[in-house]
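Notes for the structure review
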Amino acid sequence: MEDKRVELERMTPREEHPLVRPGYPTLPGYPADSSSYGYGYPTPDKGGINFRAIWRTVLKRKWLILVIVFIVTSAATIEVYRTKSIYKATASIEVRKDAATLMKAQNIVIQTDDSDAMNTYMYMIKSRPLLLEVAASLRLDQNPKFFEVTSRKSITEAVQTVFNRVRLSNDPKAPAVIKDIPATDLNKEMTPEEKAKWSPYAGVIGSGLGVEQLPAARLIMVSFTHTDPETAAAVANTVAQHFIVQNFKSKTENFTKTSEWLDRTTRELKAKVEQAEQAQATYLRDHDMSFVGRSGNGSGNVGTDKLLHFYEQVQRIEGERILKQSLYEEVKKGNILTLPEIFTDTQMGELQKKLRELRVQKSQLEVNYGDKHPKIIEITEQIATVEEQIKANVGTLEAKLKADYEKALREEKQLKAILEQSKGEATQQNRAEIEYTMLKQEVETQRALYKEFLTKTSQADLQRVEQNNNLQLAEPAEAPGAPIGPDRLKTIFTWMLLSFAGGIGLAFFLEYLDNTIKTVEDVATFAQLPALAAIPAMAGRNMRKLAAVKKGSGSSTAVAKSDTFTMPGQVAALEARSSVAEAYRVLRTSVMLSSAGGPPKIMLVTSGQPGEGKTTTTVNTAVSLAQLGASVLIIDCDLRKPSTHKVFGVDHSRGISTYLSRDVELDGLIQKLPIANLSLLPCGPIPPNPAELISSDKMKEMLRTLSERFDHILIDSPPLMHVTDPVILSTMTDGVILVVQAGKTTRDVLRRTRQELTAVGAKIFGVVLNNVDYRKNGYDDYYHYRYYESYGQERNEASGD
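Residues numbered from 1 in each chain as written. Predicted model: local features only at pLDDT ≥ 70, side-chain atom pairs only at ≥ 80, totals over all residues. Heavy atoms only, no water.

1. Some points on the packing of aromatic side chains
For clarity, the cut-off: Two aromatic rings, drawn from Phe, Tyr or Trp (for Trp, its six-membered ring), form a pair once their centres lie within 6.5 Å of each other, and the interplanar angle then sorts them: stacked below 30 degrees, edge-to-face above 60, tilted otherwise. Each helix is a run of DSSP H or I of at least 4 residues and each strand a run of E of at least 2, with the numbering of both proceeding from the N terminus. Here the term buried applies to any residue with accessible area under 20% of the maximum for its type, exposed to any over 50%, and partly exposed to those in between, with areas from a 1.4 Å probe on protein chains only. In this scheme, Lys NZ or Arg CZ marks a charge over a ring once it lies within 6 Å of the ring centre and within 35 degrees of the ring normal.
Applying the stated criterion across every chain yields a total of five aromatic pairs. An angle of 35° between the planes, with centres 5.8 Å apart, marks the rings of Phe146 and Tyr201 as tilted. Note that Phe146 is positioned in the loop between helix H5 (128-138) and helix H6 (155-164) and Tyr201 in helix H8 (residues 192-208), a separation of 55 residues in sequence. Tyr201 carries the same exposure label as Phe146, and that label is buried. Taken together through their ring pairs, the aromatic side chains of Phe146, Phe147, Trp198 and Tyr201 make up a single cluster. One cation-aromatic arrangement involves Lys698 over Tyr659; the distance from NZ or CZ to the ring centre is 4.5 Å.

2. Considering the confidence of the model for the protein chain
Counted only if it meets this: The predictor attaches a confidence to each residue, and that confidence, scored 0 to 100, is pLDDT. The contact definition used throughout considers only heavy atoms, calling two residues in contact when any of these lie within 4.5 Å.
For the protein chain, the mean per-residue pLDDT works out to 75, and 73% of the residues sit at or above 70. Below pLDDT 50 for its whole length, residues 1-44 participates in 80 contacts with residues either more than four positions away or in separate chains. In this model, residues 169-184 is a region of pLDDT below 50 whose contacts with residues beyond four sequence positions or in other chains number 22 contacts.

3. Quick look at unusual backbone geometry
You will see that Arg139, though not glycine, has its phi angle at about 50°, which is positive. Under the relative-accessibility criterion, Arg139 is labelled partly exposed at 45%. Of note, Ala216 is a non-glycine position whose phi angle comes to about 60°, a positive value. Tracing the chain through its elements places Ala216 in the loop between strand E4 (209-213) and strand E5 (219-226).

4. What to know about the sheet that holds strand E1 (residues 87-95)
Put simply, the rule is: Only when DSSP finds a minimum of two bridges between them are two strands counted as paired. Lines fitted to the C-alpha atoms define the axes, with helices restricted to the stretch that makes contact. Angles between their N-to-C directions range from 0 to 180 degrees.
Strand order in this open sheet of four strands is E4-E5-E1-E6, and the pairing throughout is antiparallel. A strand with exactly one partner marks an edge of an open sheet, and here the two such strands are E4 and strand E6 (471-475). Neighbour-to-neighbour, the strand axes of the sheet open up by a mean angle of 30°, direction not taken into account.

5. Considerations on the packing of helix H3 (residues 62-82) against H6
Note the cut-off: When an angle is under 35 degrees it counts as roughly parallel; over 145 it counts as roughly antiparallel; between 65 and 115 it counts as roughly perpendicular; any other value is oblique. Note on residue categories: nonpolar means Ala, Val, Leu, Ile, Met, Phe, Trp, Tyr, Cys or Pro, charged means Asp, Glu, Lys or Arg, and polar means any other residue, Gly included.
Running from N to C, H3 and H6 cross one another at 105°; their axes reach a closest spacing of 8 Å. What the angle tells us is that H3 and H6 run roughly perpendicular. Residue-level contacts link Thr77, Ile78, Tyr81 and Arg82 of H3 to Ile155, Ala158, Val159, Thr161 and Val162 of H6. For the contact of H3 with H6, the per-class residue count stands at six nonpolar, two polar and one charged.

6. A few points about the pattern of salt bridges
Applied cut-off: Here, a salt bridge means any Lys or Arg side-chain nitrogen found within 4 Å of an Asp or Glu carboxyl oxygen.
In this structure the tally under the stated criterion is 17 salt bridges. Between Arg709 and Asp667 there is a salt bridge, with the nearest N and O atoms lying 2.4 Å from each other. Placement of the pair is Arg709 in helix H23 (residues 697-709) and Asp667 in the loop between helix H21 (656-661) and strand E10 (671-672), with a sequence separation of 42 residues. A relative accessible area of 43% places Arg709 in the partly exposed class. Taken together, the shared-partner salt bridges in this structure form one network comprising Lys60, Arg61, Glu511, Asp514 and Lys518.

7. Some remarks on the sheet that holds strand E7 (residues 531-536)
Pairing is mixed in the open sheet, where eight strands are placed in the order E7-E14-E13-E8-E12-E9-E11-E10. Of all strands in the sheet, those bounded by a partner on one side alone are E7 and E10. Across five bridges, strand E8 (residues 602-607) lies against strand E13 (residues 735-741) in parallel orientation. Looking across to E13, one finds that Val605 is bridged to Ile737. In this fold helix H19 (residues 614-626) packs onto E8, strand E9 (632-636), strand E11 (678-681), strand E12 (712-716), E13 and strand E14 (764-772), with an angle of close to 170° to the strand it touches most, E12.

8. Quick notes on the nonpolar core
The nonpolar side chains of a soluble globular protein tend to be buried, and buried together. Heads up, the rule is: For this analysis, a nonpolar core means a set of buried residues of the types Ala, Val, Leu, Ile, Met, Phe, Trp, Tyr and Cys, connected via side-chain atoms within 4.5 Å.
Membership of the largest hydrophobic core comes to 46 residues, with the highest contact counts inside it found for Ile635, Ile656, Leu681, Met699, Met702, Leu706 and Ile715. Excluding residues that lie within four positions of it along the chain, Met699 makes contacts with Cys637, Ile656, Leu660, Leu693, Ile694, Leu729 and Met732. Ranked by size, the runner-up nonpolar core spans 39 residues in total, among them Met124, Val222, Val235 and Phe243.

9. What about a nonpolar patch on the surface?
We count it as follows: In this analysis, a patch consists of residues with relative accessible area above 30% that form no salt bridge, clustered at 9 Å for like charges and at 5 Å for the nonpolar side chains Val, Leu, Ile, Met, Phe, Trp and Tyr. Each accessible area is a Shrake-Rupley estimate made with a 1.4 Å probe; only the visible protein chains count as cover when residues are assessed.
A contiguous nonpolar surface patch, about 440 Å² in accessible area, is contributed by Leu506, Phe509, Tyr512 and Leu513. Looking at the element boundaries, Phe509 is found in helix H15 (residues 488-513). A relative accessible area of 45% means that Phe509 is categorised as partly exposed.

See below:
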């Protein structure tokens, strides 16, 4: 099978090849010019979206994309973990129906709308005085974790959190302890210094406090968010408890003050009753009035009855004067709220209630708005209006009580004057009995007043006791076991997708900026030249295999004696099974079929820039041709920086420069190589005038002579963009093989090289795309690489290797 294949490759094509026609016809996708010959590739279809090209670009830059995704995702992960976890604790307050919202009409209980009360409750919960009391009650200045809500973790802490995340477990948190709030905590008025101290804490509480009504239920949900779950639960519970206590205190405050005033007045009246009884008993003992008991009430004549009548009037009016004087003095002191409701009008109570509600709303608005806000200005005006109305009512009430008091005082004076006159008249009429009766009447009067005030005090105490708190803590807040934010997974995933899209975008931008030749399609598109072969890059694994073979039994294709040229792009020693060797066999076949009438004899191998692999291509193409049994000569015409002798490890002290500059025999300069049918004419000493030597007639004559002795001559030349030597040599050869390194040679260099050669009428066989990384460039026909390897292995196994 191997012999038949070699014979087939050695056949000289006498008939027209199906892809090559005499006269070099136009190939699909190429213009009809002198360069349209050899094996070409059609121009890719540019219509629509080329998904294969997109996929190749992504595969080519996959490591760049993955690195960008890794870096951005890692940075995003660290950044989101710098933000501390937020915990939310919620306490619920049950709002029962208040008795004030129930009205009874004709034995029917009517429930009035109390939605305004619910809204007022929610505003009052967030009022600044309440928050200050909560901060002071919890002693937040002793809690070092409280202000952590405004800070972030360091990068080191965030990284440590990420690494420890898988080992952390959310332990169930114990419910926050709810302490009973002493009444003194709420009754005590804060000083300005205390308010300034607790103000920052109240601000943090207000920013994290949430109040909302549960739909279709009489529940107010009080929630607080914080980085510490226990702190969140403690603050939520304390706010709820403080508000419940404050609400009950507000409801019972008026009743408490009224009860205290009535109690104080009752004790004073009791003391007067005791004094009157003591005076009566003393009078009986001093005057030995035993007859009073025998004659009943002691009534006898008209004078006495008249005196008693006036005395009763004086006692009555004096009692009224005392009461009105007491009420008037309380009003003068400004204690209008301490008066019983029976002595005030209903309008005053409504105004006082409205004033309290307006002040609460103003306190709430001041938390969210400035002093110049229209709502605050409006509610301030309403408060001023209500205060004016209260002031006017207080003035009216004060004037009324003053008039009543003065009237009672005048009547008292008048009756006392009449009484004194009646006393004079009744002096002689049972004086002792009259005095006793007066003392007795005074006792009865004082007792009656005492009983009346005692009854009113009992009623006030009963009303205070009947007041119940319509708020109670339905469910206390517990320390949450899991945070509510931030949503780290969502953020990380979002940044990962954005970085992936950005990486793809950067890959396409770099691909847009990359103007190098990478694929055979690029050769066809930008140079309009056929691609003779694509030489794959040697991977490190294959390089190690190749070095082992060279040090072992050897190979029929190995030509170098040194292992120093087993670097990618400099491979001169190729084992038969390698994909690179198989690619050079493809190049050999393309070159043999590149001209009509017969294989070319003299071929120039050049490139646009140094380091593109022209020497390696020259050597391995020559080796492949020699394997077919044809005599092959390699001429090193790189008279500036020769390297062919290094590949084969031969002496280059004498070579082509010696022949062109001196009169020596050519046969003595050609060196036979260890590989059968392969010879080398080295460069020789580097001359000072390479271009003159190469363009000489002796050079042309030498090529004619050598073409008669060898089947194929391959000339290794310097880079075309640097010197004119390749342009001169191209006019002396049958054709030019242009070597282009994938991913290095730019499009402009390739175009310029083609133009230089075409300008002198050189025939370009095609382009050898060297050092192609099928994996990196994302070839659709990537299977060729595997095919070369597997095919070479099958051949090696068939030969008994």
